[in-house]
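Spelled out, the chains give:
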Amino acid sequence: MTTSETLFARAQGVIPGGVNSPVRAFRAVGGAPLFMQSAQGAWLTDADGNQYVDFINSWGPMILGHAPEVVLEAVRQALPHSLSYGAPTRREIELAELLIELVPSVEKVRLVNSGTEATMSAVRVARGYTGRAKILKFEGCYHGHGDSFLIAAGSGALTLGAPDSPGVTQGVAQDTLTVPYNDLAAVHAAIEANPDQLAAIIVEPVVGNMGLVEPAPGFLAGLRALCTQHGIVLIFDEVMTGFRLAPGGAQQLYGVVPDMTTLGKIIGGGLPVGAYGGRADIMNQVAPAGKVYQAGTLSGNPLATAAGLAQLRYLHAHPEVYEQLEATSARLADGTRQIAQELGLHYTVNRVGSMFSLFFTPRPVSNLEDAKQSDLPAFGRYFHAMLRRGIYLAPSQYEALFVSTAITDELVDKYLTACRESLIEAHA
Ligand code: HOZ
């Protein structure tokens, strides 16, 4: 048995399913998950000492690769001054000011500890602000594990075949409407069927949780127009896309400004952080300025703000990072598409900036129904063939890949060679 296998067996005795987040259990691809012990730059090292080129990057935040010196140094500086106060600090203001400067929709912002907290809180604020109960989300979009979002959810919920989680009460479920992504007519119909009842529409402006799916031309602008017309709060969940697709996130890339934005792990440089922000009149509903309650001892944690500020300041000062990510990701995605075609596999590759997915279906993928046409057993074989060649992909067809600046041209070549061999192996 490998060390990872031994650890997984032990973990299953004390942790549900042996993991602290379901996708990590490899159930969508079979086999036992790898337990990691360290990472540097593009490379992950597992508990057996095997090395892999990382295309997950902690599901987004490690834009500069693992353990970048600029972030580590900021954490080192912060470390001796204690790990938590439960009282305000200067860096929280500095991080808030930077978020406001960079993210177009954010006029005021509240720091929390995860993307899940951010989305749960944003919806509560939207409900408090509008005095309405219902929200609308899109099938296959994932907004963390808050009750309201585990209806037709993507990511691990989809992988495990339980997009509607037990434990979510009927009352909560009936306040969440779902329609297909990229379907403005369905959004319109849902609004008409629930007049003056929708508090918020929440959307991943670029979806990362059913694989990578981009918004159709006019979709985001259409949502903006409908929300404005009907007094609905438009929330962009940019937990994965914020600071990754552009300094101001997908809203900057597509030129559509929502009323509220949720952010996550990226603004902590990998440490546990989230944030929700938006129009000042909406955010002023949040306690203690307003009556919508939300709180947390670890919110604005001094180490997380140190790491986050260091990474965001670096990105702000080095816009060439985005050009580098674009060039590297284009080589990876275009190369993948070309290899598949040369092998007679007319598979779909979706990419936006440094996020991409290879769908094991020839059908264009613009919503969950399309994504579900993928050949999942073939994907599983491909995943393991890549792993054997030292390439660590997301262990599910319904997840995106994330590229870091640590991916060199040589590593792109390594990936493409592995991709060709693995596609052949998966279809042998
Ligand atoms: N829900 C995350 C992917 N969309 C996975 C989180 C994790 O396992 O770390």
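Quick notes on the rules
Residues numbered from 1 in each chain as written. Predicted model: local features only at pLDDT ≥ 70, side-chain atom pairs only at ≥ 80, totals over all residues. Heavy atoms only, no water. Near = heavy atom within 4 Å. Polar contact = N/O pair within 3.5 Å; in protein donor to acceptor, adjacent residues only side chain to side chain. Areas by Shrake-Rupley, 256 points an atom, 1.4 Å probe, with all protein chains shown as cover. Axes fitted to C-alpha atoms, helices over the stretch in contact; angles between N-to-C directions. Helix = DSSP H or I, 4+ residues; strand = E, 2+ residues; numbered from the N terminus. Parallel < 35°, antiparallel > 145°, perpendicular 65-115°, else oblique. Left-handed = near helix turned anticlockwise from the far one by under 90°. Contact = heavy atoms within 4.5 Å. Pairing = 2+ DSSP bridges. 1 Å grid on protein atoms, 1.4 Å probe; cavity = no way out; pocket = protein on both sides within 12 Å on 5 of 7 lines; lining within 4 Å. Points joined across faces, edges and corners; volume = space filled by probe spheres on them. Nonpolar A, V, L, I, M, F, W, Y, C, P; charged D, E, K, R; others polar. Buried < 20%, exposed > 50% of the residue type's maximum accessible area, 1.4 Å probe, protein only. Right-handed = clockwise from strand over helix to strand, strands pointing away. Phe/Tyr/Trp six-rings, centres within 6.5 Å; stacked < 30°, edge-to-face > 60°. Salt bridge = Lys/Arg side-chain N within 4 Å of Asp/Glu carboxyl O.

Enquirer: Please explain the site of the ligand as it appears in this structure.
Expert: For the ligand, the full set of nearby residues is Ser 21, Arg 24, Trp 59, Tyr 142, Ser 155, Asn 209, Met 240 and Glu 399. Separating an oxygen atom of the ligand from a side-chain N or O atom of Arg 24 is a distance of 2.9 Å. Taking Ser 155, its side chain carries an N or O atom lying 3.0 Å from a nitrogen atom of the ligand. For the ligand, the protein covers 87% of the area, taking 290 Å² as the surface of the free molecule.

Enquirer: What am I meant to see in the packing of helix H2 (residues 69–78) against helix H11 (residues 302–317) here?
Expert: Relative placement of two packed helices is described by the angle separating their axes and the distance separating the axes. At their nearest, the axes of H2 and H11 sit 8 Å apart, and the two run at 150° to each other. As the angle between them shows, H2 and H11 are arranged roughly antiparallel. Regarding H2 and H11, the two cross each other, and that crossing is right-handed. Listed contacts from H11 to Val 70, Val 71, Ala 74, Val 75 and Ala 78 of H2 are Pro 302, Leu 303, Ala 306, Ala 307, Ala 310, Gln 311 and Tyr 314.

Enquirer: Hey, could you run me through the sheet that holds strand E8 (residues 233–237) in this one?
Expert: Working definition: the strands of a sheet are paired by backbone hydrogen bonds and lie parallel or antiparallel to each other. Taken together, the seven strands give an open sheet; going across it, the order is E4-E10-E9-E8-E7-E5-E6, and neighbouring strands pair in mixed fashion. Of all the strands in the sheet, the pair left with one neighbour each is strand E4 (108–112) and strand E6 (176–179). Taken over all neighbouring pairs, the strand axes of this sheet differ in orientation by 20° on average, direction set aside. Each of strand E5 (134–138), E6 and strand E7 (198–203) touches helix H7 (residues 184–193); the most contacted strand, E6, lies at about 150° to it. Contacts between helix H8 (residues 219–230) and the sheet are confined to E5, E7 and E8, with E8 contributing the most and set at about 150° to the helix.

Enquirer: I would appreciate a short explanation of empty space enclosed by the protein in the present structure.
Expert: A probe matching the size of a water molecule, rolled over the atoms, marks out where space remains unfilled. For the structure on display, the rule yields two cavities of 30 Å³ or more. Approximately 110 Å³ is the volume attributed to the largest cavity. Taken together, Phe 356, Ser 357, Leu 358, Phe 379, Tyr 382, Leu 393, Ala 394, Ser 396, Gln 397, Glu 399, Leu 401 and Tyr 415 make up the lining of the largest cavity. Looking at the lining of the largest cavity, the elements with two or more residues in it are strand E12 (355–359) and helix H14 (376–388). For the lining of the largest cavity, the element with the highest residue contribution is E12, accounting for three residues. Partitioned by chemical class, the residues of the lining of the largest cavity number eight nonpolar, three polar and one charged.

Enquirer: So what exactly am I meant to see when it comes to the pairing of E7 here?
Expert: Two faces, one strand: in a regular strand the side chains alternate between the faces of the sheet. For E7, the buried fraction is high: six of the six residues fall into the buried class. With three bridges connecting them, E5 and E7 associate as parallel partners. By the bridge assignment, Ile 135 is partnered in E7 with Ala 200. The parallel pair E7 and E8, bridged by H8, forms a crossover whose chirality is right-handed.

Enquirer: Help me understand the packing of aromatic side chains, please; the structure alone is not making it clear to me.
Expert: The geometry of an aromatic ring pair comes down to the distance between the two centres and the angle between the two planes. This structure, assessed with the given rule, holds eleven aromatic pairs. For the pair Phe 360 and Tyr 382, a centre-to-centre distance of 5.4 Å together with 55° between the ring planes defines the contact as tilted. Here the residue Phe 360 occupies a position in the loop between E12 and helix H13 (368–371), and Tyr 382 occupies one in helix H14, the gap between them amounting to 22 residues. Per residue, the accessibility class of Phe 360 equals that of Tyr 382, and both read buried. Grouping aromatic residues by their ring pairs yields a cluster made of Tyr 347, Phe 360, Phe 379 and Tyr 382.

Enquirer: In this structure, what is going on with the pattern of salt bridges? I would like to understand it.
Expert: Pairing between side chains becomes possible if they bear opposite charge and their charged atoms approach one another. In this structure the tally under the stated criterion is 16 salt bridges. Between Asp 196 and Arg 132 there is a salt bridge, and its shortest N-O distance comes to 3.8 Å. Placement of the pair is Asp 196 in the loop between H7 and E7 and Arg 132 in the loop between helix H4 (115–130) and E5, with a sequence separation of 64 residues. Judged by relative accessible area, Asp 196 falls into the exposed class, the value being 63%. When its relative accessible area of 18% is taken as the criterion, Arg 132 is described as buried. Between Arg 279 and Asp 281 there is a salt bridge; the shortest N-O distance is 2.8 Å.

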